[in-house]
Amino acid sequence: MTKRHEMRCFDYVNRPYEQVREALSASALAIFERSTRSAGDRTHDVGAELRVRVGAVEIAADITIEVIEVPGARSPANRPATRLNLTWRSRRRPGLFPEMTASLWAYALAPRETQLELIGSYDPPLGLIGDALDAIALHRLAEESVRGFLADVAAYLSTELPEVAAPEELYAVAN
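Residues numbered from 1 in each chain as written. Predicted model: local features only at pLDDT ≥ 70, side-chain atom pairs only at ≥ 80, totals over all residues. Heavy atoms only, no water.

**Here we look at the pairing of strand S5 (residues 99–110)**
Here is step 1: By the bridge criterion, eight bridges tie strand S4 (residues 81–90) to S5 in an arrangement that is antiparallel. From the neighbouring strand, Thr82 faces S5, where its bridge partner is Ala106.
Here is step 2: In this structure, S5 lies alongside strand S6 (residues 113–123), joined through 11 bridges in antiparallel fashion. Within S6, the position partnered with Ser103 by the bridge is Ile119.
Here is step 3: Hairpin connection from S5 to S6: two residues lie between these consecutive antiparallel strands. (Pairing = 2+ DSSP bridges. Helix = DSSP H or I, 4+ residues; strand = E, 2+ residues; numbered from the N terminus.)

**A closer look at the nonpolar core**
Here is step 1: One finds Phe32, Trp88, Leu116, Leu118 and Leu157 to be the most contacted residues of the largest nonpolar core, which totals 32 residues.
Here is step 2: Those elements that place two or more of their residues in this core are strand S1 (5–13), helix H1 (17–36), strand S3 (57–70), S4, S5, S6 and helix H3 (127–160).
Here is step 3: Here this core gets eight residues from one element, more than from any other, and that element is H3. (Core = buried A, V, L, I, M, F, W, Y, C linked by side-chain atoms within 4.5 Å. Buried < 20%, exposed > 50% of the residue type's maximum accessible area, 1.4 Å probe, protein only.)

Geometry only, nothing functional implied.
Written out as structure tokens, the structure is:
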């Protein structure tokens, strides 16, 4: 029997929550694609990519992501949050890679800092053999690829979203 593997990771975007929310709500799939692929890769393939480095070798898998935005989400501090329910699977070899089911959360930590948090789980592929391989090492590769995905998204948003003054800075300048 396949055991579902749970994972949780987080990263930060040094932009106001409202800005991050607008970007994710308007074009999450495009952000995932742009943040996980180099400019050269974007001209040849569509979709996002998961990558992990094992020693000197980089392993990559093209993935298809489905996104459903959940309205009315609240952060752990009971403040407005954005929640995107995601499912992703390998585009080329779905039977050999785990399918991930996750929620990507975005919520304000400070006026100009947004936390991204990904909470998800996957079933290792290949039944009992996949369970054994996952227990030995593959779960570490899966966790590393998910952390890398979230770090890529956070870095992309921090770079691509314009810097804006926080509301209290605008108030201080006006007075």
